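Survey of secondary and tertiary structure
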Amino acid sequence: MGSGSSIDTSKTIHLSIAGKSEKIILSRFCGSRDIHDLIAQAAGVSRYSGITLRDIDGALVPISPSMTKNGASSPYEVVITSPTAANAGDGEAFTQVLTHVAEQFSNSQNMDLNRVFKVEEMKADITKRINILERRLELEGLKAVEIEKCKRDISDIKNQIWTTQKKYVDFSTMSALSDERKISLKRDVPSYPKYTLSQETVDYLKQPTFDIWHWEPNEMLSLLEHMYHELGLVTEFNINPITLKRWLLCVQENYRNNPFHNFRHCFCVTQMMYGMIQLCKLWEKMSREDLGVLLTSCICHDLDHPGYNNTYQINARTELAIRYNDISPLENHHCAVAFKILSNPECNIFSNTDKEVYKRIRAAMTMLILASDMARHGEIMECFKAKIELGFDFNDKEQMETLKMVFIKCCDISNEVRPMEVSDPWVDCLLEEYFNQSDREKMEGLPVAPFMDREKVTKPTAQIGFIKFVLIPMFETVAQLFPIIDSTMVEPLRIARDRYENMKEAPTPTTTVKKDDS
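Residues numbered from 1 in each chain as written. Predicted model: local features only at pLDDT ≥ 70, side-chain atom pairs only at ≥ 80, totals over all residues. Heavy atoms only, no water.

1. A few points about the overall build of the chain
As a reminder, the rule being used: To qualify as a helix, a DSSP run of H or I must reach at least 4 residues; to qualify as a strand, a run of E must reach at least 2; elements of each kind are numbered from the N terminus. Residue burial is assigned from relative accessible area. The probe radius is 1.4 Å, only protein chains are included, and a residue is buried under 20% of its type maximum, exposed over 50%, and partly exposed in between. Working rule for contacts: check all heavy atoms of both residues, and any pair within 4.5 Å makes them a contact. All accessible-area figures derive from a Shrake-Rupley calculation using a 1.4 Å probe, and residue coverage is judged against the displayed protein chains alone.
What the chain contains, in helices and strands, is 20 helices and 5 strands. Sorting the 518 residues of the chain into buried and exposed places 44% on the buried side. Put simply, of all contacts in the chain between residues at least 6 apart along the chain, 71% involve residues at least 24 apart. As presented, the chain carries roughly 27800 Å² of accessible surface, and 52% of it is formed by carbon and sulfur atoms.

2. A short note on the sheet that holds strand 1 (residues 11–17)
Whether parallel or antiparallel, the strands of a sheet pair through hydrogen bonds between backbone atoms. Rules: Strands were regarded as paired on the criterion that DSSP finds at least two bridges between them. Axis angles are defined between N-to-C directions and span 0 to 180 degrees, where every axis is a line fitted to C-alpha atoms and, for a helix, only to the segment in contact.
Here 5 strands make up an open sheet; going across it, the order is 2-1-5-3-4 and the pairing mixed. Strand pairing shows two members of the sheet lacking a second neighbour, strand 2 (20–26) and strand 4 (60–61), which therefore form its edges. Examined bridge by bridge, strand 1 and strand 5 (residues 76–81) share 2 bridges and lie parallel to one another. In the strand pairing of strand 5, Leu15 is matched with Tyr76. Packed on one face of the sheet, helix 1 (residues 32–43) meets strand 1, strand 2, strand 3 (50–54) and strand 5 and runs near 150° to strand 2.

3. With respect to unusual backbone geometry
Positive phi values are uncommon outside glycine, yet Arg317 reaches one of about 55°. Tracing the sequence through the fold places Arg317 in the loop between helix 12 (310–315) and helix 13 (319–323). Positive phi values are uncommon outside glycine, yet Asp326 reaches one of about 65°. Relative to the elements of secondary structure, Asp326 occurs in the loop between helix 13 and helix 14 (329–342). The exposure class assigned to Asp326 is partly exposed, which follows from its relative accessible area of 41%.

4. Notes on the packing of helix 14 against helix 15 (residues 355–371)
Heads up, the rule is: By definition in this entry, angles of less than 35 degrees are roughly parallel, angles greater than 145 are roughly antiparallel, angles of 65 to 115 are roughly perpendicular, and the rest are oblique. With the far helix as reference, a near helix turned anticlockwise by less than a right angle produces a left-handed crossing, and one turned clockwise produces a right-handed crossing. Under the grouping applied here, Gly and all other residues not named as nonpolar or charged are polar, the nonpolar ones being Ala, Val, Leu, Ile, Met, Phe, Trp, Tyr, Cys and Pro and the charged ones Asp, Glu, Lys and Arg.
The geometry of helix 14 relative to helix 15 is characterised by a closest axis approach of 9 Å and an angle of 150° between their N-to-C directions. The angle between helix 14 and helix 15 falls in the class roughly antiparallel. Seen along the crossing, helix 14 lies across helix 15 with a hand that is right-handed. Contacts between helix 14 and helix 15 pair Glu331, Asn332, His334, Cys335, Phe339 and Leu342 from the former with Tyr358, Arg362, Met365, Thr366, Ile369 and Leu370 from the latter. Class assignment for the residues of the contact of helix 14 with helix 15 results in 7 nonpolar, 3 polar and 2 charged.

5. A word on the state of the cysteines
What counts, and what does not: The disulfide definition used here is simple: a pair of cysteine sulfur atoms within 2.5 Å.
If you walk through the whole model with that rule in mind, you get 0 disulfides. With no disulfide partner, Cys298 has as its closest neighbouring cysteine sulfur the one in Cys411, 5.1 Å distant. Looking at Cys300, it has no disulfide partner, and the nearest cysteine sulfur is the one in Cys266, 7.6 Å off.

6. So, the pattern of salt bridges
Going by this rule: Salt bridge, as used here, is a side-chain nitrogen of Lys or Arg placed within 4 Å of a carboxyl oxygen of Asp or Glu.
Inspection of the entire model under this criterion finds 23 salt bridges. Residue Asp304 is joined to Arg256 by a salt bridge in which the shortest nitrogen-to-oxygen separation is 3.0 Å. Taken as a pair, Asp304 in the loop between helix 11 (288–300) and helix 12 and Arg256 in the loop between helix 9 (241–253) and helix 10 (263–280) lie far apart in primary sequence, 48 residues in all. Note on Arg256: relative accessible area 18%, which makes it buried. Two residues, Asp428 and Lys459, come together in a salt bridge whose shortest N-O distance is 3.0 Å.

7. A few points about the packing of helix 16 (residues 377–389) against helix 19 (residues 459–479)
At their nearest, the axes of helix 16 and helix 19 sit 11 Å apart, and the two run at 30° to each other. Here helix 16 is positioned roughly parallel relative to helix 19, judged by the angle of their axes. The hand of the helix 16/helix 19 crossing is left-handed. Residues His377, Met381, Phe384, Lys385 and Ile388 of helix 16 form the contact with helix 19, whose participating residues are Val470, Met474, Thr477 and Val478. Residues that form the contact of helix 16 with helix 19 fall into these classes: 6 nonpolar, 2 polar and 1 charged.

8. With respect to the side chain of His226
Following the sequence through the fold, His226 ends up in helix 7 (residues 217–230). His226 has contacts with Leu197, Val202, Leu205 and Tyr274, leaving out every residue within four places of it along the chain.

9. What to know about the confidence of the model for the chain
Inclusion rule: As a per-residue quantity, pLDDT reports the predictor's confidence and falls between 0 and 100.
Scored by pLDDT, the chain comes out at a mean of 84, with 77% of its residues at no less than 70. For residues 165–176, every residue scores under 50 in pLDDT, and the model assigns this stretch 19 contacts once sequence neighbours within four places are set aside.

10. Things to note about the packing of aromatic side chains
To keep it simple, the criterion reads: Pairs were defined over the aromatic rings of Phe, Tyr and Trp, the Trp ring being its six-membered one, requiring ring centres within 6.5 Å. Orientation was assigned from the angle between planes: stacked under 30 degrees, edge-to-face over 60, tilted for the rest. Either the NZ atom of lysine or the CZ atom of arginine qualifies as a charge over a ring when it sits within 6 Å of the ring centre and within 35 degrees of the ring normal.
Considering all chains together, one arrives at 14 aromatic pairs under this definition. Between Phe407 and Phe482 the ring centres are 5.9 Å apart and the planes differ by 85°, which places this aromatic pair in the edge-to-face class. Separated by 75 residues along the polypeptide, Phe407 in helix 17 (residues 397–412) and Phe482 in the loop between helix 19 and helix 20 (484–505) bring together distant segments of the chain. One aromatic cluster is present, built from ring pairs that chain together Phe384, Phe392, Phe394, Phe407 and Phe482. Note that Arg499 overlies the ring of Tyr500, its terminal NZ or CZ placed 4.9 Å from the centroid.

11. Section: helix 14
Stated formally: To estimate how far a helix should reach, multiply one less than its number of residues by 1.5 Å.
Look at helix 14: 20 Å from first C-alpha to last across 14 residues, which is about the 20 Å you get at 1.5 Å a residue. Counting buried residues in helix 14 gives 11 out of 14 residues, a clear majority hidden from the surface. Those residues of helix 14 lying buried are Pro329, Leu330, Glu331, His333, His334, Cys335, Val337, Ala338, Phe339, Ile341 and Leu342. Each element contacted by the buried residues of helix 14 is listed here: helix 9, helix 11, helix 12, helix 13 and helix 15.

12. Focus on the UniProt feature "binding site: Zn(2+) 1" (unreviewed entry) in the chain
Definition in use: UniProt positions are given in the numbering used here, feature names are shortened, and annotations may be inferred rather than shown by experiment. A 3.5 Å cut-off defines polar contacts: any pair of N or O atoms within that distance qualifies, except that in protein one atom must be a possible hydrogen donor and the other a possible acceptor, and neighbouring residues in sequence count only when both atoms are side-chain atoms.
Per the UniProt annotation, the sites labelled "binding site: Zn(2+) 1" (unreviewed entry) are His265, His301, Asp302 and Asp412. Considering the C-alpha atoms alone, the annotated residues occupy 148 residues of sequence yet fold into one spot, their largest mutual distance being 10.1 Å. Locating Asp302 in the fold gives a position in the loop between helix 11 and helix 12. Among all residues touching Asp302, those that are not within four sequence positions of it are Tyr255, His261, His265, His334 and Asp412. Tracing the backbone through its elements, the reader meets Asp412 in helix 17. If near-sequence neighbours (up to four positions away) are discounted, Asp412 is found in contact with His265, Val269, His301, Asp302 and Ser372. Within the local environment of Asp412, its side chain forms a polar contact with the side chain of His301, the two groups lying 3.0 Å apart.

13. Focus: the UniProt feature "binding site: Zn(2+) 2" (unreviewed entry) in the chain
When the UniProt feature table is mapped onto this chain numbering, "binding site: Zn(2+) 2" (unreviewed entry) sits at Asp302. Accessibility expressed as a relative area gives 5% for Asp302, which makes it buried. Side chain to side chain, Asp302 and His301 meet in a polar contact 2.9 Å long.

Shown next, in the form of structure tokens:
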């Protein structure tokens, strides 16, 4: 065998723990939780302890495989938070058990002989109950966010098992699809310290190339919160910062764990809108109220999406299709859920605006969320092109409304604008959701769209036509008003189109089976 140099894929991280220098070595296979446990071991604390890393400038460093390698001269300071103590209810229960024991023994002389003989049995029962309480104490050390995520995952698994057993979708039993359900915050603002974003992250957040896969849910919430502060929306609408946090948490809880239409998609669309606001300097063309409507509409645009599109809703005659007379049932539902959340005083970020302002915000958000229905794509784009041909007027209210509708459409379907390593996983997620729908449609005897059929679709065939006939023409039209869009967004789309065409033309690998002559 020839000798070759091995590639070192490990990474050394230098730490400062209570003034003492330590270092850990991360392999390429380490996950965020592995790194957390490794730091806990180095610090000599429980793996359930809260751990925060800060760089020499005091900025928060996310504990993730992508964390930046540092040197011994610039170690990350490790801040340890003790595991959450048991709640008062557990303490009271424990006290009641001990009180019960004391009472039993103090009154034993007055008990009859049979009851005295039951002391051993009672002691065994108390020991069992104490063990249960100790286990609960251990579990309470887990982060509240992780516990909530586990509960939601378990709930989703139960729903999937139930749906599989029934072999059909019974929307009458799926209360999450009802606009009338009560929406309340399942958890309050978590007690974790406020994230301090580095200047590099702040600048990166404004770019269309931003990689949305590197951020955990709580980090995405902090980034969305930053957008509202940075654009001056907190001041514009006089938003209570705690209300903003609660609203974002409630929105996150009302996105389902679909392969594609989930909270990460919501963050992805909103980040692209934030990037386009920065790129096109929209504050020079629009009011701050308009910017707030654009950003908030992106955050709410797919709330409680069930993972099955409007075509399915209409063909299956679901509750939503019946409620909205087959007219954009999902978009109407997203909008209804958005304002149901805002109807909760604890989550109403517009509670400090006057009636006229709120009325304008509600009308504008409804218009933009309904515009995200792809069935209206041709209608909206023809209207937009006509206004540009006649000479677009940024001072005309009707023309600006059309422009805002086109902007949210661009952001909603902008994945292919991003680098391939960011956009490619989204295609897999979308196809998985499509295939889930087409499988169900076949099972229920409903029409199946060819672009959703797993037996007919490949990545190239799914994307080439969409990029050529939908994305590129739309972004090229916007570039007529904002020329910078051509180099930053249209050009990446052309590169993506060429890449998929090359993939389509590439010969499919074949497997040759050697005949066994024996």
